[in-house]
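Overview (structure and organization)
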Amino acid sequence: MIISVPGETAQGETRVALIPPVAEQLTEEGHDVYVTSGAGEGADWSDDEYREAGCEVLEERSEVTEGSDVVLEVRGLAADEKSTTDRYREGQTVIGFLGPYGLDGELEDLADRNIDAFALELMPRISRAQSMDAVSSMDSVSGYRAATIAAESLPKMLPMEMTAAGTVQPADAFVLGAGVAGLKAIATAERLGASTVANDVRPEAKEEVESLGADFVSVGEETEGMSDEEGYATEQEKSFEQKQKEMLMGVVPEADIVITTAAIPGRPAPQPITSEMIEEMEDGSVVVDLAAESGGNCEPTVAGETVEHGGVEVRGPTNLPATIPQTASYLYSNNMKNFLDLLISDGDIDIDTEDEIVDSTLLTHDGEVRAPHRQEEGEGDEDGSDETEDAEKKEAGE
């Protein structure tokens, strides 16, 4: 097959879908890999390194995608405001973060042109899919980066220090949400020496938090029903939200660092941390809201900006993996290669819709809209093509 890596067009995106060492594996398997000149520069991979890996480097993006069978992207369609379905040729297979919750008429267009589109955001949380789970890979990078950003911004050291000049007390960090990003933020804050506490609506998260050396603070009414089958948090009852806010009012003002990661795929992020809570924090404290792109977990958060609120720095990053592009691209490339290994049979794409991983991620196939994310929510008809308010929302995890 001809596999193309056209490079990214989203603003600020530095990652690349395929790095040369992984591309070389594909060329050694007999595939042709076309790469747009400069596609890897943001992650410090040169055109020459792609050529050495056996890839053909072309100047224009259109040249790369025009004759390819498979298009590999980091961000496409609704995950990239500059992207349109016109980028893709009839009959192609497209794989990447495609923003499935923000797609509407584009799905019909893809289906009409017999394009097979796979959205990696919909990868199921099953053991067999772990090596392909790009969302978890990027969340891990985001959690690490959130902790290091907070440490850099805080006007005090994180670890306890006993010196001749006196004892420096450790900084207090609070992490809201103990999914992949939250757990990595906890682990990083702990390694840097902070005294860390965390909360999650899922009671099973308590053991994971404590295994990293942090304390788990509980509302007291967490139940197994507060997460779906794949482990994602679900929307909560108003009574629980109120009790959670009461708990947070006692925790947030005591923290020097607050990192929030709570998100619900396809819906606005919950917003349990109020402006009042942040105003009670000490001047110079730092908040890093990883849910900023889908509305934020904190009332003062502004997506893509850093604002000052009551003497507290509130950061709303929207693409932290792009700030560590080498590692993020390495992980994403491996996820992509493992997914391709699942799809390729006898040198060609073989789509088995009976496979749970394929079925969960495949948006369009055989001229039909599948939209599995809508079917799961009961939002569409049998082919998932109904337009609904929730389906129009951007996913929280990218």
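Residues numbered from 1 in each chain as written. Predicted model: local features only at pLDDT ≥ 70, side-chain atom pairs only at ≥ 80, totals over all residues. Heavy atoms only, no water.

Attention now goes to the overall build of the protein chain. Along the backbone of the protein chain there are twelve helices and 19 strands. When each of the 398 residues of the protein chain is scored for burial, the buried share is 55%. Residue pairs in contact within the protein chain that sit at least 24 positions apart in sequence constitute 65% of those at least 6 positions apart. When the accessible surface of the protein chain is split by element, carbon and sulfur atoms take 42% of a total near 16800 Å². (Helix = DSSP H or I, 4+ residues; strand = E, 2+ residues; numbered from the N terminus. Buried < 20%, exposed > 50% of the residue type's maximum accessible area, 1.4 Å probe, protein only. Contact = heavy atoms within 4.5 Å. Areas by Shrake-Rupley, 256 points an atom, 1.4 Å probe, with all protein chains shown as cover.)

A separate point is the pattern of salt bridges. Under the counting rule described, the total for this entry stands at 16 salt bridges. Between Arg 15 and Glu 13 there is a salt bridge whose closest N-O contact spans 2.7 Å. Comparing Arg 15 with Glu 13, the two get one shared label, buried. Across the pair Asp 355 and Arg 128 runs a salt bridge, and its minimum N-O distance is 3.1 Å. Of this pair, Asp 355 sits in the loop between strand E17 (348-349) and helix H11 (356-361) while Arg 128 sits in the loop between strand E6 (116-119) and helix H5 (134-153), and the two are 227 residues apart along the sequence. The exposure class assigned to Asp 355 is buried, which follows from its relative accessible area of 14%. Exposure remark for Arg 128: the relative accessible area of 41% places this residue in the partly exposed category. Among the charged side chains, a network of salt bridges with common partners joins Arg 61, Glu 73, Asp 80 and Arg 87. (Salt bridge = Lys/Arg side-chain N within 4 Å of Asp/Glu carboxyl O.)

Turning next to the sheet that holds strand E15 (residues 312-315). Taken together, seven strands build an open sheet; the order of strands is E11-E10-E9-E12-E13-E15-E14 and the sheet is mixed. Each edge of the open sheet is held by one strand with a lone partner, namely strand E11 (215-216) and strand E14 (306-309). Across the face of the sheet, helix H6 (residues 180-191) comes into contact with strand E9 (172-176), strand E10 (195-199) and strand E12 (257-260) while running at roughly 165° to E10. Across the sheet, helix H8 (residues 238-251) is in contact with E9 and E10; its angle to E9 comes to roughly 160°. (Pairing = 2+ DSSP bridges. Axes fitted to C-alpha atoms, helices over the stretch in contact; angles between N-to-C directions.)

With that out of the way, let us pick up the pairing of strand E13 (residues 286-289). Burial of the side chains of E13 extends over both faces: Val 286 and Val 288 are buried on one face and Val 287 and Asp 289 on the other. Sheet topology places E12 next to E13; four bridges connect them, and they run parallel. Across the sheet, the residue bridging to Ile 257 is Val 286, located in E13. Strand direction decides the pairing type here: E13 and E15, joined by three bridges, are parallel. Bridging across to E15, Val 286 finds its partner in Glu 313.

What follows concerns the sheet that holds E6. The eight strands lie next to each other as E3-E2-E1-E4-E5-E6-E18-E19, forming an open sheet whose pairing is mixed. With one partner strand each, in any of the chains shown, strand E3 (56-58) and strand E19 (368-369) form the two edges of the open sheet. Pairing geometry for strand E4 (residues 70-75) and strand E5 (residues 93-97), over four bridges, is parallel. Within E5, the residue paired with Leu 72 across the bridge is Ile 95.

Working definition: an aromatic ring pair is given by the centre-to-centre distance plus the angle between the planes. One pass over the structure, following the stated rule, counts two aromatic pairs. On the numbers, 5.4 Å between centres and 55° between planes, the contact of Phe 97 with Tyr 332 is tilted. Placement of the pair is Phe 97 in strand E5 and Tyr 332 in helix H10 (residues 325-343), with a sequence separation of 235 residues. A residue is classified by how much of its surface remains accessible, and Tyr 332, at 1% relative accessible area, is buried. Taking 5.4 Å as the distance between ring centres and 80° as the angle between the ring planes, the aromatic pair formed by Phe 118 and Phe 339 counts as edge-to-face. (Phe/Tyr/Trp six-rings, centres within 6.5 Å; stacked < 30°, edge-to-face > 60°.)

Before going further, it helps to spend a moment on helix H4 (residues 105-112). Of all the residues in H4, the buried ones are Leu 107, Leu 110 and Ala 111. Buried positions in H4, seen along its axis, are confined to an arc of 100° and lie on one side of it. (Arc of directions from axis to C-beta.)

Below, the discussion takes up helix H1 (residues 20-28). An α-helical turn contains 3.6 residues, so a residue and the one three or four places further along point in the same direction. The set of residues buried in H1 consists of Pro 20, Val 22, Ala 23, Leu 26 and Thr 27. Here the buried residues of H1 occupy an arc of 160° about the axis, which is enough to place them on one side. Close packing links the buried residues of H1 with strand E1 (2-5), strand E2 (32-36), helix H2 (47-52) and H10. Once H1 ends, the next one or two residues include Gly 30, with phi positive near 105°.

Caution applies to low-pLDDT regions: their predicted coordinates should not be interpreted in detail. For the protein chain, per-residue confidence averages 91 on the pLDDT scale, and residues scoring 70 or more make up 90% of the total. Note that pLDDT drops below 50 for residues 378-398; the model gives that stretch 61 contacts with residues more than four away or on any other chain. (pLDDT = per-residue confidence, 0-100.)

Moving on to the nonpolar core. In terms of nonpolar packing, the biggest core is built from 44 residues, with Leu 72, Ile 95, Phe 97, Leu 120, Tyr 332 and Phe 339 touching the most fellow members. For this core, the secondary-structure elements that each account for two or more residues are E1, H1, E2, E4, E5, H5, H10 and H11. Element by element, the count of residues in this core is highest for H10, at six residues. Residues contacting Ile 95, with those up to four places away along its chain left out, are Val 70, Val 71, Leu 72, Glu 73, Phe 118, Leu 120, Met 336, Phe 339, Leu 340 and Leu 343. (Core = buried A, V, L, I, M, F, W, Y, C linked by side-chain atoms within 4.5 Å.)

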